[in-house]
Amino acid sequence: MVDEILRSWLEDSDQIEELLQVDATRVADRERVGYRLAVSNPGGRFLVEQQAYYETSDGLITWMRVLCSGVRPVAAGGTG
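Residues numbered from 1 in each chain as written. Predicted model: local features only at pLDDT ≥ 70, side-chain atom pairs only at ≥ 80, totals over all residues. Heavy atoms only, no water.

Visitor: Outline the pairing of strand E1 (residues 15-27), listing residues and values.
Guide: The sheet contact formed by E1 and strand E2 (residues 30-41) spans 11 bridges and is antiparallel. Looking at the pairing, Val27 lines up with Arg30 of E2. Here E1 folds back onto E2 in antiparallel fashion, the turn holding two residues, of which Ala28 has a positive phi close to 55°. (Pairing = 2+ DSSP bridges. Helix = DSSP H or I, 4+ residues; strand = E, 2+ residues; numbered from the N terminus.)

Right, here's the structure in full:
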């Protein structure tokens, strides 16, 4: 399921190389999770960062908004 969600924002040629960072916090009555991925494709190496804000009820997500940085180029040897 998680792979399906992550892949929906990436192109078929994008390969997730590494999960660089994950953090989660609460913002008042909502939860927040953020993560940063190292991605590569024929065009080079890139970073992708997403933030999701969500609410749950009975263990299920009932509301969610996701913001994505887009696929951002990485300088040689860098991880942003």
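Visitor: Can you break down the pattern of salt bridges residue by residue, with the values?
Guide: Going through the model one piece at a time under the given rule, you end up with four salt bridges. Across the salt bridge formed by Arg26 and Glu31, the nearest N and O atoms sit 2.1 Å from each other. On the basis of relative accessibility, which here comes to 25%, the residue Glu31 falls in the partly exposed class. The closest approach of N and O atoms between Glu49 and Arg36, which form a salt bridge, is 2.6 Å. Pair noted here: Glu49 is in strand E3 (residues 44-57) and Arg36 is in strand E2, with a separation of 13 residues, a long-range link. Taking the relative accessible area as the measure of exposure, Glu49 reaches 26% and is therefore partly exposed. (Salt bridge = Lys/Arg side-chain N within 4 Å of Asp/Glu carboxyl O. Buried < 20%, exposed > 50% of the residue type's maximum accessible area, 1.4 Å probe, protein only.)

Visitor: Hey, could you go over unusual backbone geometry for me, with residue numbers and the actual values?
Guide: Trans peptide bonds make up most of the peptide bonds, and negative phi angles are found at most residues other than glycine. In this structure, Ala28 is a non-glycine residue whose phi angle is positive, near 55°. Counting through the fold element by element, Ala28 comes out in the loop between E1 and E2. A residue is classified by how much of its surface remains accessible, and Ala28, at 68% relative accessible area, is exposed. Of note, the phi angle at Asp58 is positive, near 55°, even though the residue is not glycine. Looking at where Asp58 falls in the secondary structure, it is placed in the loop between E3 and strand E4 (60-68).

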